[in-house]
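Residues per chain are reported as follows:
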Amino acid sequence: MKSPLLNKLSKSFRSRPPFNGLLLCLVCVLVVIALLGSSSSSAFNSITSTVKADIYTNYRKLKEQARSDYLELTSLSVGGNQIKDVGLCGKERENYVPCYNVSANILAGFKDGEELDRHCEFSRKHEHCLIRPPKDYKIPLSWPAGRDVIWSGNVKLTKDQFLSSGSIMKRLMILEENQIAFHAQDGMMVDDVKDYSHQIAEMIGLGSDTEFLQAGVRTVLDIGCGFGSFSAHLLSLNLMALCVAAYGSSGSQVQVALERGLPAVIGNFVSKQLPFPSLSYDMVHCAQCGIIWDSKDGLFLIEIDRVLKPGGYFVLTSPTTQQQGSSTSAKKGRTSTPLEEFTKKLCWSLLEQQDETFIWRKTVDSQCYTSGKQGTIPICKGQDMQLYYQPLAHCISGTGSDRWVPIHSRSDSMNSTELKVHGVHPDNFFEDSEFWKSAVRNYWSLLSPLIFSDHPKRPGDDDPLPPYNMVRNVLDMNAHYGGLNAALLVARKSVWVMNVVPLGVQNTLPLILDRGFAGVLHNWCEPFPTYPRTYDLLHGNGLLSHLASQGCSIIEVFFEMDRILRPEGWIILSDKLGPIEKVRMLGTQLRWEARVIDLQDGTDQRLLVCQKPFVRR
């Protein structure tokens, strides 16, 4: 709604345009001065202990940020009808993912797979508009039904693409009139995946795949995950399986997996490292993922070694590997393949080979890489704690890390010794955990009347209690220790969380991954690597203050949040009153239903709770 001041000004401008142009400039200058005065005054009070030069520098930063925020918000606030100021994007952007412009990348000279990689430097800013859902889009089915059946109109997967898929994929998917089912009526798909998972367990010496957790396997990086059937099975075993697959303009694996409510993120390490620190995963899995592992002097295998924990497993299922030969053929006097030779240099041991499936295990002896017995791959210099899409490196990482702990030697929960490795005091960790347990109770109590009823009907006596369940996944945009994720698990909420550690804060991603959660590093001044409409709930504690400190455009971030949030999805932002009040108006401009919640705890901390509407054509 317009303020009375803006109404008066707009009426005056329509009647006397020449004079009112000057008047508008004068009013804008006065408002900016008022904003800067209050901002600089509070900033000055908080930095009186700093030197004079720092005061001047901080004042200039605050001044520039205040001016930028004012101009951005004003550009969306003034005008005839506020809703019409932000229009809908064209149909061509229904599945738009910034930073993944294949045509532009080819013109820039990228090839050999790098054109599918992430290149934000070539991503131009587009006009501010809201990405609309496809014509046949429907709200996903509730969990767990939505894991096995999705609406075909929600993803960019055509009937021709389905029919041209391989025989295995046809067995795993049933294309009906307006749905895609990921199981056959006779249970064939489930049995196939269970048999495959059981085979892997037996090959690493377990009696059943239910023993993965006992063997130290809690997290799995599934490269080129298909449409997520293996990941879905691992999730049913309480393992965290994260799908990473290359960007696809149509028929994307990541888009389909996320539509099923499965953890997935766009990732392609043709030229750049994945956004994870060293020693991140207990198992890396690749089933016909299309990567030639022994190309580029083994750079791809070195990247797998980097993210694997000591004693972790690399599972490769590929007919190409079988054709190349195996260690069995080498024992018969034949020459070992380049793949086999390179895995020896990485200090991996081939545990077992059955048919097309090979399993290697990474050494638990960090001295193996420096002994000179296996080869001459150098050790990386320095730490990689803040890696963010750096070029692939031809060196071994993590050998000098305090996190070099074999997967079978870890405790089930974080103890004081492990917290000390991450530089976290146990008292702070315990306090954070208790805070989030209480916060989750408050969140669910607050959101239950809205989330867990058939929208837009409000709850009645016959409505089921939460969590029956319209929230399948959460994007925690400033995850800290992963406390929200842990509290949701304690509360037995059937959701998974993508924990994002922003650049510019303490890098707690190694701690989050060591807790068995999913997470990535991300710079929120850039778009997030996912497809539109892929998350049910976005959460950010202190995110607004962080964005201001990094100089990120709040408006750009909010449009990005709208892009990746599904229709009728929710947003919870927790911050101080000032930032919350500033962005509430922006949320309403994006057509969100927004309200501010006073926590009644005697602080100036507030919650901004929003719901994105289903904008139909």
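- As recorded in an unreviewed UniProt entry, the protein goes by Methyltransferase and comes from Anisodus tanguticus.
- Heading Sequence similarities (unreviewed entry) of the UniProt record for the protein holds this comment: "Belongs to the methyltransferase superfamily."

## Thoughts on the state of the cysteines
Then step 1. As enumerated under the stated definition, the model contains seven disulfides in all.
Then step 2. Note on cysteine connectivity: Cys99 is disulfide-linked to Cys120, with sulfurs 2.0 Å apart. Of note, the bridge from Cys99 to Cys120 carries an S-S torsion of about 105° and is right-handed in sense. With Cys99 in the loop between strand E1 (87-88) and helix H5 (102-107) and Cys120 in the loop between H5 and strand E2 (129-130), this residue pair connects regions lying 21 residues apart in the sequence.

## Topic: the nonpolar core
Note on soluble globular proteins: their nonpolar side chains tend to be buried together.
Then step 1. With 99 residues, the main nonpolar core has Leu221, Trp293, Phe314, Leu475, Met498 and Phe558 as its most contacted residues.
Then step 2. The contacts of Phe314, once residues within four sequence positions are left out, are Val284, Trp293, Leu301, Ile304, Leu308, Trp348, Phe358, Ile359 and Trp360.
Then step 3. If you look at the next biggest cluster of nonpolar residues, it comprises 21 residues, including Tyr196, Phe212, Val217 and Phe230.

## So, the packing of helix H21 (residues 554-564) against helix H22 (residues 577-589)
Helix-helix packing: each pair is described by the crossing angle between the helix axes and the interaxial distance.
Then step 1. Where H21 meets H22, the axes come as close as 11 Å, and the angle between the chain directions of the two elements is 45°. As summarised for this structure, H21 and H22 are arranged oblique, according to the angle between their axes. The way H21 lies across H22 gives a crossing that is right-handed. Contacts between H21 and H22 involve Ile554, Ile555 and Phe558 from the first element and Val583, Leu586 and Gly587 from the second.
Then step 2. Its residues assigned to classes, the contact of H21 with H22 comprises five nonpolar, one polar and no charged.

## Let's talk about the packing of aromatic side chains
Then step 1. Applying the stated criterion to the full structure yields 18 aromatic pairs.
Then step 2. Ring centres of Trp293 and Phe314 lie 5.2 Å apart, and the angle between their planes is 75°; on these two criteria the pair is classed as edge-to-face. In this pair, Trp293 is assigned in the loop between strand E9 (281-287) and helix H12 (299-307) and Phe314 in strand E10 (residues 308-317), connecting sequence segments 21 residues apart. One exposure class covers both Trp293 and Phe314, and it is buried.
Then step 3. Pairing Phe435 with Trp436 gives two aromatic rings, centres 4.9 Å apart and planes at 80°, and the pair type is edge-to-face.
Then step 4. Residue classification places Trp436 among the buried positions, given a relative accessible area of 5%.
Then step 5. Ring-pair connections join several aromatic residues into one group, and the members of that group are Phe269, Trp293, Phe300, Phe314, Trp348, Phe358 and Trp360.
Then step 6. Looking at Arg93, its charged tip hangs above the ring of Tyr96, at a distance of 4.4 Å from the centre.
Then step 7. We note Arg260 situated over the ring of Phe182; from NZ or CZ to the ring centre the distance is 4.0 Å.

Rules used throughout
- Residues numbered from 1 in each chain as written.
- Predicted model: local features only at pLDDT ≥ 70, side-chain atom pairs only at ≥ 80, totals over all residues.
- Heavy atoms only, no water.
- UniProt positions renumbered as here; feature names shortened; annotations may be inferred.
- Disulfide = S-S within 2.5 Å.
- Helix = DSSP H or I, 4+ residues; strand = E, 2+ residues; numbered from the N terminus.
- Core = buried A, V, L, I, M, F, W, Y, C linked by side-chain atoms within 4.5 Å.
- Buried < 20%, exposed > 50% of the residue type's maximum accessible area, 1.4 Å probe, protein only.
- Contact = heavy atoms within 4.5 Å.
- Axes fitted to C-alpha atoms, helices over the stretch in contact; angles between N-to-C directions.
- Parallel < 35°, antiparallel > 145°, perpendicular 65-115°, else oblique.
- Left-handed = near helix turned anticlockwise from the far one by under 90°.
- Nonpolar A, V, L, I, M, F, W, Y, C, P; charged D, E, K, R; others polar.
- Phe/Tyr/Trp six-rings, centres within 6.5 Å; stacked < 30°, edge-to-face > 60°.
- Lys NZ or Arg CZ within 6 Å of the ring centre and 35° of its normal.

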